[in-house]
Structures are given as C-alpha cells and as structure tokens.
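Geometric and topological summary
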Amino acid sequence: MEYKRVLITAALPYANGPVHIGHLAGCYLPADVYARFQRAKKRDVKFVCGSDEHGVPITIRAMKEGISPQDVVDKYHAIIKDSFEQMGISFDIYSRTSNKIHHETSQAFFTKLHKDGLFEERATEQYYDENKDMFLADRYIIGTCPICGNENAYGDQCEKCGSTLSPEQLINPRSALSSAVPVKRITKHWYFPLNKYEKWLNEWIVNGKKDEWKANVYGQCKSWLDSGLQPRAMTRDSNWGVPVPLEDAKGKVLYVWFDAPIGYISATKELTNQWSDYWCSEDTKLVHFIGKDNIVFHCIIFPSMLKAHGGFVLPDNVPANEFLNIEGDKVSTSRNWAVWVHEYIKDFPDQQDTLRYVLCANAPETKDNDFTWKDFQDRTNNELVSVFGNFVNRTFVLMHKLCSGRVPPVHDDLVTDADKAMVAEIAIAKQKIEDYIENYKFRDGLFEVIDLARKGNKYLQDNAPWSLSKTPEQQAENQKRIDICLHVCLQLTANLAILANPFLPFTANKMCRMMKVVERMLEWENAGKMNLLKVSYPLRAPELLFRKIEDMEVAAQVEKLKSNLTKTTSANVEQTSTDPSTKAQDDKIVETKPEAVAEAPIKKAEISIDDFSKMDLRVGTIMKAEKVEKADKLLKLELDMGDEVRTVVSGIAMHFKPEEIIGKQVTVVANLAPRKMRGIESRGMILMAQNPDGRLIFVSPLEMAAAGSEVR
RNA sequence: CGCGAGGUAGAGCAGCGGUAGCUCGUCGGGCUCAUAACCCGAAGGUCACUGGUUCGAUCCCAGUCCUCGCUACCA
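Residues numbered from 1 in each chain as written. Chains lettered and ligands numbered in written order. Predicted model: local features only at pLDDT ≥ 70, side-chain atom pairs only at ≥ 80, totals over all residues. Heavy atoms only, no water.

For the coordinates displayed, the defined rule picks out 34 aromatic pairs. Both rings, one in Trp 279 and one in Phe 312, keep their centres 6.2 Å apart while their planes meet at 85°; by these two values the pair is edge-to-face. Linking Trp 279 in helix α8 (residues 275–280) with Phe 312 in the loop between α9 (295–309) and β14 (315–317), this pair joins segments that are 33 residues apart in sequence. Here Trp 279 falls in the buried class, since its relative accessible area comes to 0%. Following the ring pairs from residue to residue traces out a cluster consisting of Phe 109, Phe 110, Phe 119, Phe 192, Tyr 197, Phe 258, Tyr 264, Trp 279, Phe 302 and Phe 312. For the cation-ring pair, Arg 122 lies above Tyr 191, with the distance from its terminal atom to the ring centre recorded as 4.6 Å. Between the NZ or CZ atom of Lys 269 and the centre of the ring of Trp 275, over which it lies, the distance is 4.9 Å. (Phe/Tyr/Trp six-rings, centres within 6.5 Å; stacked < 30°, edge-to-face > 60°. Helix = DSSP H or I, 4+ residues; strand = E, 2+ residues; numbered from the N terminus. Buried < 20%, exposed > 50% of the residue type's maximum accessible area, 1.4 Å probe, protein only. Lys NZ or Arg CZ within 6 Å of the ring centre and 35° of its normal.)

The structure is reproduced here in structure tokens:
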C-alpha cells in the first residue's frame, strides 16, 4: 500500500533519570535514522516523542528527595531533551505528559471509552499504607513467599523461586515504603476488557503481521494472545498523574500505561493543527520504535485502545529492539551501570556520529548485544576512521595535489570498465541501503555505506593516481586517467554524504561544507547521480571527519564505569534497610543475609580452573611508597618481588599514608598487562578487600612469606 | 513452571536441507596519496549438547543445557 504520510514515534523515556546509550541503541537511534531517511525521500514525516512523567516511581523518588514530583520531572525532562538534541535525534517535537494538552487529550480519550460503556467497573480490596496514606502497588508490598519461604518476596512475584504471586498470598506483608503493615481498603477501578479484543488481535497480528513484524515482536504477541487476555485496570490510586475525569474518582489517576501512549497523540496535536491527518487517515503509516520490554503495550494494549476508541490508524510496524549490555553486564540505572548520554557528550565533544555509528553498527536488532569501550574504539578506528574517513580524506588530498583543487573532468575516450563498475556500485548501494532502512535493518544499511567507501578505497588503490603522476613522458594521457579517477572518487564522496546522512548527519553536513554544496544535495533522489559536483568547481581543503579513539580514553571510560558503580552500590546498601523501594535495591536484600549487611557482591561469570591458572599471583613486600603528583588517589609503590623490584601504581592514597604501609606484605597480580598512569608505568596490581563502608584492607599473608612467593 | 527470542571462528553478525560466509581483530606480503592509513593473501569453526527424520542437517523434529525477556522503577 502506498502511504501518504509517515508518523514515527519513539518510546517516551521515563523522566526518572537521564538517558543512556542503551536507550539510544534500542530505540531513538533507529527511529532517527528512519525519520531522516524518510525526510530525505521527501515524504511527509512527523517524528514525535516526549517525556513520560507520571507513575508511582516518580512520586516515590520525589518523596525520597523531599521535592515535588513536578520538580523531579522538570529536572530530568530538561536533561533528557538536551541529550537527544545533542545527539541529533531529530524529533519534530519532544513534548511531555505533564502538559495541559496531554491531560486534556488523555482525559478525552478515557471519557469517550467511558461514554461508550466500554469499561468494566470493579471494586477490589487493595493494600493501603496508613503511615504514608496511600494505596500500595503490588510491587511495593514485601512479605514471605508462600512457595519458597523467601522473606523478601514482592507482591507480584518472588524473585527467588520465580513464582507469580498476588499480595494476598504473602505471609506477613509489609509496606516497602514505611515498613507499616498494610491494611486492606476497598477501591474502585475501571477495567479495559482486553479479552474482548482477542479475536480481532488474532486476526490483525497473528494472521496479518506474520511475515511483516520482527520475529521477537511477533512471537511475543502470539504468546500473549495464545495465553488469553484479561481485563486490565486503567486507573490507579494516586495523586500524581492525569486525574480520572469522573465525579466519583477522587484520588484516582489514569494508569500510566493508559496515558503514556496517548502522549504520542498529544505531542502530535501540540506540533500541528493537522494532527488528525497523521492519526486518523488510513493512508498514514504509523511506526512505533520501542525496546523489547514495551512490546505488549504497543502491540496489544494500545492498539486495542485505539480500536476501541475508533477513528485511529493502527501501527503498521513495531520494530522493537532487544537490549544493549555494557561490558558484559546488564544496564542497571540503580547500580549506575550505564553509559549516560549527557556524560558521553561531555567526554567526547563533537563526536556524536562516532557514537551513532558504533551503536547502530552494533544495534541489538535480533538479540541482546554487548557494548564495550574496546569495541567502540575498534569500530571507530578501523571502520569509521580507516575506511570511511580515510577514503574521503585521501580523495580530497589527491584532488588538491594532482588536480589543483578543482573537480577534474571526465575524458570519455579513456573511461574503463572499472570506472563504470565503480559508478554502478553507487546505484547498487543506494538501492540496498534503501531496502534495508525500509525494512528496519539499520545495521545492514550502515554496513553498505561503509562498504561503498571500502570499494572506493579499492578503486583508488587499483588506479593509484599518485603513481601515474610520476611518469612525465606520458604526462598528458596519465593526467587524463588521474582526472577520471578523482572525478569518480569525488562524485562518490558526494554520494557517500547522501547515503550516510540518515546515520551520520553531522558528518554529512561536514562533507557538504568541504564540498561547498548546499544541504539540499543530501536529498535521497540525488544518490546515484554523477554530477553532484560540477567540473572545475573549486573545493575546500579537507578536514578530518573523525578522529581516532586512544587507548587512554578507553581505559578512562572503563575505569569511570567501574568507579561509579562502586560508589552507588555502597550508597544503595546504606538505604536498603530503611527504604527498599526499587528493584535493584530489593535484589540486594535477597542476596544479602538479613543479619549481616555486607557489600552486595558484583556477580561475575563462572570461570574454569584454566582461567584462574592464567593469573600469576605473588606476595610482594612494600619497600617504598610515595604519593603520585597531581593524583588524589594514586600511590607509587616499589615492591620487593624476590627476584626483582617492581613499580606498581595503586589507587589507595585516600586510604593509607605512604609511610604507614612500608614493610607490609601484599598480594600482587604479577602478570597483569603493564599500564601507564600519570606517566608512571605500573607493572601489576595489588589486591584489596573493600568493606561495605568503603574502607580498604590489604589482602596479605597472615605471617611473613618470602617475597615473590606464589599465591595459589 | 509456562511462553517468546537467541545460542554459528577471538568479537559482532549472515546463512536455514547438499559438511559454512561477511566485517573487525590476528599473522604474512605489497603499496605509499591518506588519520602508521590502504591493497592482496593466510590461519582460525566438531555451526550449545543429545537423539531422530533424510542418501545427506548448522538448517527439519524431539529432548537437554545456557543467556535475555514476558501486564514491575529501567530500551
């Protein structure tokens, strides 16, 4: 079907914290590539998003910080919005659900369904915290699991045995907020009868989207539908959110998952008076970009709501991505195991496209993927810099050296099949990239961009214009070949700008400046043309498109991740006993013995004895210790290792004075790769135990061992 | 427990009935215009495991194991 308009939504980020690169890779970057591509195709595009600012967690966060929920969302809305802008995520509007227009829109939506008599009213008994004077979500009730006896099971699930629970099943339930014993109170809520849409959903998704939607999305939906749908409450007891627009609904708000997706509609309304063209015309293609955890809401619940309301288009596709892990571990906002976008921008100024490249090339399209800083470096240095950046750079440098800085002409009499083949590759790449993007295969699309540059490098290498210039006896003829080769390379460069633009918009703009062409050249229909740059048009001197990532930067980022993690972990542990209100903190209760609040272990993958035997652990005696200049945390140690004296730089200066550790014996990882810190080469690492309070303790033999003794 | 997705060279991914390909990394060679880049070549995989169907399975079927997710603060 031919669509007249494309409406693109990206999941509303929860205004409870900043955005991290997992958000980017999973949702916002693919959405942006898609949107930019559609715009380049001159399609009528609206790309909408905004902050999701309702829900219980925000009230809890506000309570904890002693500020209002509005303060919480104001703070994070600003940070999130700025992160997106900086990264070039080209929303047509980035709105927020605390806006008046959103309250009105979602209330009107609710009222329509209510007037049509769609909701079922149900009175139920819910747990109520009399200390905090509020109803408790299932998640905020803790008690003993009736199945396995775990004392810290949640009201909806026991994490220890995995049983699905209801709060009533818990033995000795208590409030996670105040530890008060919750009491039951009757409350009324409005339920949306999802079950009535089962048949229709089966028709629409199971039969209609089988080969269209991604396997992970389709499979998840089918699983839901096969197991049968239940009516679902669309209201909650809370004072933060969109008030339920009914007389008898004091102290009740719309369930955050009811109002959040309507946020897409209100954002569109805020953007344009013609909003209904995008939401209510059958010739609009609606695409929701989300992460895999949102599948059920976007594929089952929201479409059912839209269907029930009537008059709205349904999503054509919901290309949900999987998750991105960081250095082998799941992203955890509460443990602070994440790479925050606003921090990346600070640490790597003007390198947005570098991150865009790496996240897109490694996007978790079919399964969870891992982001490592080493991979970030490798992909940047070996693909972006070496293949793409370098091709453009050598083309420009050669053109200035061999063609006096102007676009050289083509000499028809000397054009070879290889020249023609190179030109043909551009059109092939264009078609491939187009097909990939249209089918949400952004990784593959980006690969083709790089691959075209790779072919350009090969073409240059095969023709070697730098050699041709060295044979003066054939000057005229060779110059013609040089002209043709560089003409092709320059037109290819212009084409690369167009093809890369959806993925690497900052770079495409930079290339336009170098080529002195207007941005309009980037329109997709221009791809494949060989007259983008006029013959004898003078071009600017090349500027480097990307820079390499140094080893030091990688090490610093990994270090930063790990040190932030520790900080937050110990902070969380302190809170655990009094205020276990988030999942990650609750995890720690489960892992930790109740009576001994020790540092929650950071779980690592199991290793084999062979892995262990790779480590050369030895006892060393500290002979000299001195502070490292301009470093708060570092001590430079000289260790007697028996047969040698080693210099080791250790980050323990905050904990020990140099003079008080001389003579102490320590355990050293002797075969750790040497690393320079503050200009001093550190050869090894000393092992320390860390107390929950952050205090460091040497791991040493109980009695003096010979220096250099092996630890096994 | 059940359901969904995934488990293919050191890393990231393709393939989905005829014993495996791509990019990066590694190793060797070539070139020198270029951000020590580029080009050519090589090594490296019992396609998670166990059965079965088949003339033949990475690909189909059954079972097992592992990872992640599944009306929950997080994509």
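Taken together, the side chains of Arg 406, Arg 513, Lys 516 and Arg 540 make up a positively charged region of the molecular surface. When its relative accessible area of 44% is taken as the criterion, Arg 540 is described as partly exposed. (Patch = residues over 30% accessible without salt bridge, like charges linked within 9 Å, V, L, I, M, F, W, Y side chains within 5 Å. Areas by Shrake-Rupley, 256 points an atom, 1.4 Å probe, with all protein chains shown as cover. Salt bridge = Lys/Arg side-chain N within 4 Å of Asp/Glu carboxyl O. Lys, Arg positive; Asp, Glu negative; His and termini not counted. Charge placed at Lys NZ, Arg CZ, Asp CG, Glu CD.)

Let us look at the sheet that holds strand β13 (residues 284–289). One open sheet holds the five strands; their spatial order is β3-β2-β1-β13-β14, and the pairing between them is parallel. Looking at strand neighbours, the two that pair on one side only are β3 (93–96) and β14, the edges of this open sheet. Along the sheet, successive strands turn relative to each other by an average axial angle of 35°, direction set aside. When β13 meets β14, the two strands line up parallel, connected through two bridges. Across the sheet, Val 287 pairs through a bridge with Asn 317, a residue of β14. (Pairing = 2+ DSSP bridges. Axes fitted to C-alpha atoms, helices over the stretch in contact; angles between N-to-C directions.)

With antiparallel pairing, the four strands of this open sheet are ordered in space as β5-β4-β9-β10. Edge positions in the open sheet fall to β5 (134–135) and β10 (232–233), since each of these has one partner strand only. Where strand β4 (residues 120–129) lies against strand β9 (residues 183–192), nine bridges are found, and the strand directions are antiparallel. Residue pairing across strands places Ala 123 opposite Lys 188, the latter belonging to β9.

We now examine the environment of Gln 491. Along the chain, Gln 491 turns up in helix α16 (residues 475–500). Under the relative-accessibility criterion, Gln 491 is labelled buried at 0%. As a C-alpha pair, Gln 491 and Lys 64 span 427 residues in sequence and 59 Å in three-dimensional space. Those residues within four positions of Gln 491 in sequence are excluded, and the remaining contacts are Met 530, Asn 531, Leu 532 and Leu 533. A distance of 3.1 Å separates a polar atom in the side chain of Gln 491 from the backbone nitrogen of Leu 532. (Contact = heavy atoms within 4.5 Å. Polar contact = N/O pair within 3.5 Å; in protein donor to acceptor, adjacent residues only side chain to side chain.)

Tyr 28, Phe 258, Phe 371, Phe 388 and Phe 503 are the most contacted members of the largest nonpolar core, which has 169 residues in total. Mapping this core onto the domain boundaries places at least three of its residues in each of domain 1 (1–118 + 194–227 + 260–370) and domain 3 (400–526). Tyr 28 has contacts with Ala 10, Ala 11, Leu 12, Pro 13, His 23, Phe 47, Cys 49, Phe 84, Ile 89 and Phe 91, leaving out every residue within four places of it along the chain. The next biggest cluster of nonpolar side chains, apart from the first, holds 12 residues, and it includes Ile 661, Val 666, Ala 670 and Ile 686. (Core = buried A, V, L, I, M, F, W, Y, C linked by side-chain atoms within 4.5 Å. Domains from an automatic or database assignment.)

Before going further, it helps to spend a moment on the protein's contact with RNA strand B. Close contacts around RNA strand B come from 57 residues, with Arg 232, Gly 291, Asp 293, Lys 330 and Asn 369 the closest. Sugar plus phosphate, as a fraction of atoms of RNA strand B within 4 Å of the protein: 75%. Trp 224 is positioned such that a nitrogen or oxygen atom in its side chain is 3.3 Å from a sugar or linking oxygen of RNA strand B. One of the backbone nitrogen or oxygen atoms of Leu 545 is found 3.4 Å away from a base oxygen of RNA strand B. Those elements that place two or more of their residues in the surface near RNA strand B are α1 (21–40), α6 (215–226), α12 (373–402) and α14 (442–463). The element contributing the most residues to the surface near RNA strand B is α12, with 13 residues. (Near = heavy atom within 4 Å.)

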